[in-house]
Amino acid sequence: MQEFFQLPVFGVFISIIAFAGARELRKKFNYVLLNPVLVAIVFIISFLLIFNIEFEDYNRGGKFISFFLGPSVVALGVFFYEKYEEVKQNLKVFLLSVVVGGITGILTVIIFLLLLKVPGFIIESLAAKSVTTPIAIEITKLTGGIPEITAGIVIAVGIFGNAFGPFILKKLGIKSKIAIGTALGTAAHGIGTARAFEESKLAGVYSGLAMCVNGIITALITPYLLQLFLGGIS
Amino acid sequence: MLKALAYIFGFLLIGELITYFFKIPIAGNILGMFLIFLALRLKIVKLEDVKPASDKLIKYLVLFFIPYGVGLMVYFEIIADYWLPISVAVIASTVITLYVSAIIIEKFGK
């Protein structure tokens, strides 16, 4: 039976089925923890544990799915071009917000983790926690962290932003939908963007663009900031 | 659709080539994203030539990172050892990032 699970088609099939099933579940019950990605991942991990299947065996098929992250990041460039016109009038303020927010995100997480004495390889894995998963994974590969830890935490950050972001911001006195959208995209990438679209269409567009811009900024500066703070550790 | 896919993978390939030859610390796909944006802005590539593929890829973006999320199971014990400091640092950092980003638009946006 174990040899059967080593066939790539197993990993491909369970990924697609788990995701499709999780999306259906979300349609039936609109509850925030029923985030399709979270449900699909929990389902697959449970399945692997119950049937005693190694992650490496699952990933023989899984890697055919995750391969598409590369071209998807390129596709974000197309999305950015398409929506660029819609943010033109606020462009300078928008860019300022994403740049300052993005750098704040990297700096604060590095500093907090250092203060809490978390080992260097975890800091390297979490420095890019605010940006979209495919970009965060690439950054982690470059900085020497563990991409799987990055993926797990990035998804958790997205779900946190999706679930609590608008509530926290409104409590802190933020009224502008554009501000909420930009903040969600900067701090909580695509999963946050899904929530921004629920606030308003324009908030969603700002959020999607903020996700793209912060992806680039974080990719450019994270390696240097990590070197600055961790120095010889890695 | 084939043409659109060829463009997307073409730009990914160019991005990877630049990273490979110049050994710069930026992932090839991020360079590809930047280059395809430039090519569209400079009208070297037409939007309708790439849109069929890019729309589909973005639609299923979340599916593609599921295997990495599943990979977290391998590192479960490491995360479990540090779950509290990680949660505190990540949540605090996310709330600060949300606020800083939002307040700039709230104060200066139109």
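The rules behind each value
Residues numbered from 1 in each chain as written. Chains lettered and ligands numbered in written order. Predicted model: local features only at pLDDT ≥ 70, side-chain atom pairs only at ≥ 80, totals over all residues. Heavy atoms only, no water. Contact = heavy atoms within 4.5 Å. Buried area = accessible area lost by both parts, 1.4 Å probe. Salt bridge = Lys/Arg side-chain N within 4 Å of Asp/Glu carboxyl O. Polar contact = N/O pair within 3.5 Å; in protein donor to acceptor, adjacent residues only side chain to side chain. Helix = DSSP H or I, 4+ residues; strand = E, 2+ residues; numbered from the N terminus. Nonpolar A, V, L, I, M, F, W, Y, C, P; charged D, E, K, R; others polar. Axes fitted to C-alpha atoms, helices over the stretch in contact; angles between N-to-C directions. Parallel < 35°, antiparallel > 145°, perpendicular 65-115°, else oblique. Left-handed = near helix turned anticlockwise from the far one by under 90°. Domains from an automatic or database assignment.

Chemist: Got a minute to help me understand the interface of chain A and chain B in this structure?
Modeler: Interfaces are often described in size by the accessible area the parts lose on coming together. With 97 residues of chain A at the contact, the number on the chain B side is 67 residues. Here chain A meets chain B over a buried area of about 7,400 Å², counting both sides, of which 82% is carbon and sulfur. Area buried by chain A at its contact with chain B is led by Val-74, Val-78 and Tyr-81 of chain A, which between them contribute 9% of it. Where chain A packs against chain B, one counts 1 salt bridge. Across the pair Lys-51 of chain B and Glu-82 of chain A runs a salt bridge, and its minimum N-O distance is 2.8 Å. Along the contact surface separating chain A from chain B lie 9 residue pairs in polar contact (both at pLDDT 80 or more). When residues in the side of chain A that touches chain B are grouped by element, the largest group, 16 residues, is from helix α5 (residues 69-87) of chain A. Split into classes, the residues belonging to the side of chain A that touches chain B amount to 66 nonpolar, 22 polar and 9 charged.

Chemist: Could you clarify how one ought to interpret the packing of α5 of chain A against helix α3 (residues 47-59) of chain B in this entry?
Modeler: Relative placement of two packed helices is described by the angle separating their axes and the distance separating the axes. Running from N to C, α5 of chain A and α3 of chain B cross one another at 120°; their axes reach a closest spacing of 9 Å. When the axis of α5 of chain A is compared with that of α3 of chain B, the two are oblique. In terms of crossing hand, the pair formed by α5 of chain A and α3 of chain B is left-handed. Residues Pro-71, Ser-72, Ala-75, Leu-76, Val-78, Phe-79, Tyr-81 and Glu-82 of chain A of α5 of chain A form the contact with α3 of chain B, whose participating residues are Leu-47, Val-50, Lys-51, Ser-54, Asp-55, Leu-57 and Ile-58 of chain B.

Chemist: Please clarify how the domain arrangement of chain A should be interpreted in this entry.
Modeler: Residue and element names in this part refer to chain A. Along its sequence, chain A is organised into domain 1 (2-67) and domain 2 (73-233). On a C-alpha basis, the centroid separation for the pair domain 1 and domain 2 is 25 Å. Facing the 6 residues of domain 1 at the interface are 6 residues of domain 2. Interface of domain 1 and domain 2: buried area, both sides summed, is about 490 Å²; carbon and sulfur atoms make up 75% of it. Taken together, domain 1 and domain 2 are joined by 0 residue pairs in polar contact (both at pLDDT 80 or more). When residues of the side of domain 1 that touches domain 2 are assigned to their parent elements, the largest contribution, 3 residues, is made by helix α3 (residues 36-50). Taken together, the residues that form the side of domain 1 that touches domain 2 break down as 5 nonpolar, 1 polar and no charged.

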